[in-house]
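Structural description and commentary
One-letter residues, chain by chain:
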Amino acid sequence: MLDSHSRLVADIEAIEQALSGPLENVERADGWTDRSRAAVLDALIRLRRELASGQFGEEADYASRHLVRVLDHLGIARGKVSERIGRLQVALIERRP
């Protein structure tokens, strides 16, 4: 069984994988664009690298406070991927030092 730290990294990897391919019509209907997908994917990659290195630094602190707000700003308000990102933000908040 994965510890909470490893679970966070695995969750981020799963979201990255969901965002790595071309956007499906349902994702576009949820508000995703190629630009927003690339921006969120880049942020998640930076966050995963930081957490994988054993740190809870600037990227993780920002993500724990603002991931869902960023999605809202990008016009993404629903859908499976945004729900997963919302759960990730809650897990990060719970883990914050």
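Residues numbered from 1 in each chain as written. Predicted model: local features only at pLDDT ≥ 70, side-chain atom pairs only at ≥ 80, totals over all residues. Heavy atoms only, no water.

**Points about the overall build of the protein**
Broken down by element type, the protein carries 5 helices and 0 strands. Ordered by position from the N terminus, the helices and strands of the protein form the series α-α-α-α-α. At 13 Å, the protein has a C-alpha radius of gyration in line with the 13 Å of a compact globule built from 97 residues. For the protein, the spread of C-alpha atoms along the principal axes amounts to about 35 × 25 × 20 Å. Expressed as a percentage of its 97 residues, the buried residues of the protein come to 37%. In the protein, 66% of the contacts between residues at least 6 apart in sequence involve partners at least 24 apart. Per element, the accessible surface of the protein, about 6000 Å² overall, is 50% carbon and sulfur. Positive and negative charge centroids in the protein, built from 15 and 16 side chains respectively, lie 1 Å apart. (Helix = DSSP H or I, 4+ residues; strand = E, 2+ residues; numbered from the N terminus. Rg over C-alpha atoms; globule rule 2.2 N^0.38 Å. Buried < 20%, exposed > 50% of the residue type's maximum accessible area, 1.4 Å probe, protein only. Contact = heavy atoms within 4.5 Å. Areas by Shrake-Rupley, 256 points an atom, 1.4 Å probe, with all protein chains shown as cover. Lys, Arg positive; Asp, Glu negative; His and termini not counted. Charge placed at Lys NZ, Arg CZ, Asp CG, Glu CD.)

**So, the nonpolar core**
The biggest cluster of nonpolar side chains holds 22 residues, and the ones touching the most others in it are W32, L47, L51, L88 and L92. Ignoring anything within four residues of it in the chain, the contact list for L88 reads L8, I12, I15, L44, L47 and L67. (Core = buried A, V, L, I, M, F, W, Y, C linked by side-chain atoms within 4.5 Å.)

**Overview of the packing of helix α1 (residues 4-20) against helix α5 (residues 80-95)**
It is at 11 Å that the axes of α1 and α5 come closest, and there the two elements cross at 160 degrees. It follows that α1 is roughly antiparallel to α5 by the angle criterion. In the crossing of α1 with α5, the sense of the turn from one axis to the other is left-handed. Taken together, the residues of α5 that come into contact with α1 (itself represented by H5, L8, I12, A14, I15, A18 and L19) are V81, R84, I85, L88, A91, L92 and R95. Taken together, the residues of the contact of α1 with α5 sort by class into 11 nonpolar, 1 polar and 2 charged. (Axes fitted to C-alpha atoms, helices over the stretch in contact; angles between N-to-C directions. Parallel < 35°, antiparallel > 145°, perpendicular 65-115°, else oblique. Left-handed = near helix turned anticlockwise from the far one by under 90°. Nonpolar A, V, L, I, M, F, W, Y, C, P; charged D, E, K, R; others polar.)

**Structural notes on the pattern of salt bridges**
Side-chain pairs of opposite charge can arise whenever the charged atoms involved come near each other. Per the stated rule, a full pass over the model turns up 7 salt bridges. In this structure, the salt-bridge partner of R7 is D11, at a minimum N-O distance of 2.9 Å. With R7 and D11 both in helix α1, this residue pair falls 4 residues apart, about one helical turn. With a shortest N-O distance of 2.4 Å, R46 and D42 are connected by a salt bridge. With a gap of 4 residues between them, R46 and D42 both fall in helix α3 (residues 34-52), about one helical turn apart. We classify R46 as partly exposed; its relative accessible area is 35%. If you follow the salt bridges from partner to partner, you end up with D42, R46 and E59 in one network. (Salt bridge = Lys/Arg side-chain N within 4 Å of Asp/Glu carboxyl O.)

By themselves, these are just geometric observations and shouldn't be taken as functional.
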